[in-house]
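Survey of secondary and tertiary structure
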Amino acid sequence: MPARMTSESATFDRLDRQILHGLQLAPRVPFARLGAVLGVSEQTAARRYQRMRTLGIARVFGAVDHARLPGAATWMVRLTCRPGTAMPTAEALARRPDTSWVMVGAGGAELTTSIAAVAGQQGLLHHLPRAANVLSVSAHQILHRFAGRGEADWIAGDDRLDDDQRRELITPLEEVTINIDMSQEDEPLINALAHDGRASFAALADATGWTQRRAASRLNALTAAGLLRFDVDTSATALGFHAVAHLWFTVAPADLASVGARLADHQQLAWAAAVTGSANIVAVALSTDAAALYDYLTTEVAAIPEVRNCETVPVLTRVKQAVSLVDNGILRGPLA
């Protein structure tokens, strides 16, 4: 379990933020290469990252990309709970392997979570409406994720890497010419990468019982096929973002692609996607405070005339991120 932060231990500088940005762009990049790009030693880059990981501020993880699995879909679900039951419900949802981004908002009565579902299986989406403490359920299938510069840059702020540094870190993946499927044999590999997305091939071999060569080959094949992705879970609070909100946009279908692409380039948005429902774009905004969120809504969002409506739902508590459970803003790591 990560150590509790103090104001002194949680101090960030330019190099820390650049390391996080570099890991967003290339989560498994060798520290020697990352250090060379940033002008520091391999040992310095590794030590800075391990410090942030120990403090529960950031961790690299690997996870299945459910959007690439046959018959699978990802849903953004909004729940309204009975008074006093939102947090226990959120904690129960967070401990499920098919959920991510579990958050409590809207005065403590609404939950938002992302759920991975497989067609033909009666999973969580089927059971939620029957829960006694759930008053209403609104499910929105994620149709398309908008990727822009903002998604890669948000965490680094003014200390983000420049274009030359980006090119040195990002290596295009080779296209896979054969079909690759995941199986139950891959579960130990996936579980090990959820705990440490930068685990060495030797560590992955120990976790799976495979040889290092087999572990490396399987990881590379799943990644190249798009079935396995790597990213960074970060503590928004520790990084200075104290006003987090879901933004539900309504635009005309003809404007969906262009508005989504434009929003994805906003540095204030960590994530944006097209979804089903009357509000057809959902995004997560990260701001330092309420005043900064207001400024963003009344300037950059207001400058997009195609936006017909924007519902803003503040996030009060993060209970789970992509894979990491969250305790008082600090990453505790994935499920045991």
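Rules of the game
- Residues numbered from 1 in each chain as written.
- Predicted model: local features only at pLDDT ≥ 70, side-chain atom pairs only at ≥ 80, totals over all residues.
- Heavy atoms only, no water.
- Salt bridge = Lys/Arg side-chain N within 4 Å of Asp/Glu carboxyl O.
- Helix = DSSP H or I, 4+ residues; strand = E, 2+ residues; numbered from the N terminus.
- Buried < 20%, exposed > 50% of the residue type's maximum accessible area, 1.4 Å probe, protein only.
- Core = buried A, V, L, I, M, F, W, Y, C linked by side-chain atoms within 4.5 Å.
- Polar contact = N/O pair within 3.5 Å; in protein donor to acceptor, adjacent residues only side chain to side chain.
- Contact = heavy atoms within 4.5 Å.
- Phe/Tyr/Trp six-rings, centres within 6.5 Å; stacked < 30°, edge-to-face > 60°.
- Lys NZ or Arg CZ within 6 Å of the ring centre and 35° of its normal.

Applying the stated criterion across every chain yields a total of ten salt bridges. Here Arg-48 ties to Asp-16 by a salt bridge, and the two come within 3.0 Å at their closest N and O atoms. With Arg-48 in helix α3 (residues 42-54) and Asp-16 in helix α1 (residues 14-25), this pair connects stretches of sequence that are 32 residues apart. Among the ionic pairs, Arg-78 bridges to Glu-110, the shortest N-O distance being 3.1 Å. With Arg-78 in strand β2 (residues 72-81) and Glu-110 in strand β4 (residues 110-118), the pair connects residues that are 32 residues apart, well separated along the chain. A single burial state applies to Arg-78 and to Glu-110, both of which are buried.

In this structure, Ile-19, Leu-23, Leu-34, Leu-169, Trp-248, Trp-271 and Leu-286 are the most contacted members of the largest nonpolar core, which totals 42 residues. Of all the secondary-structure elements, those providing two or more residues to this core are α1, α2 (31-38), α3, β1 (58-64), β7 (243-250), β8 (269-275), β9 (281-287) and β10 (309-320). A per-element tally of this core places α1 first, with five residues.

Okay, the side chain of His-140 next. You can see His-140 is positioned in strand β5 (residues 134-146). Side-chain polar atoms of His-140 contact the backbone oxygen of Thr-276, separated by 2.9 Å. If sequence neighbours within four positions are ignored, His-140 has contacts with Thr-74, Trp-75, Met-76, Arg-78, Trp-248, Val-275, Thr-276 and Gly-277.

Unlike most non-glycine residues, Trp-101 shows phi in positive territory, near 50 degrees. Note on placement: Trp-101 falls in strand β3 (residues 99-105). By relative accessible area, Trp-101 is classed as partly exposed at 32%. Positive phi, close to 55 degrees, is recorded for Asn-328, a residue that is not glycine. Judged by its relative accessible area of 67%, Asn-328 is exposed.

In this section: the environment of Val-102. Secondary-structure assignment places Val-102 in strand β3. Separated by 223 residues in the primary sequence, Val-102 and Leu-325 have C-alpha atoms spaced 9.1 Å apart. Other than its neighbours up to four places away in sequence, Val-102 contacts Ala-90, Leu-93, Ala-94, Thr-112, Thr-113, Thr-317, Arg-318, Val-319 and Lys-320.

This paragraph deals with the packing of aromatic side chains. Geometrically, a pair of aromatic rings is defined through the distance of the ring centres and the angle of the planes. Within the structure shown, the criterion is met by one aromatic pair. Pairing Phe-31 with Tyr-49 gives two aromatic rings, centres 5.9 Å apart and planes at 40 degrees, and the pair type is tilted. Of the two residues, Phe-31 sits in helix α2 while Tyr-49 sits in helix α3, which places them 18 residues apart along the sequence. The ring of Phe-31 has Arg-198 lying over it, and the distance from NZ or CZ to the ring centre is 3.9 Å.

By themselves, these figures tell us nothing about what the structure is for.
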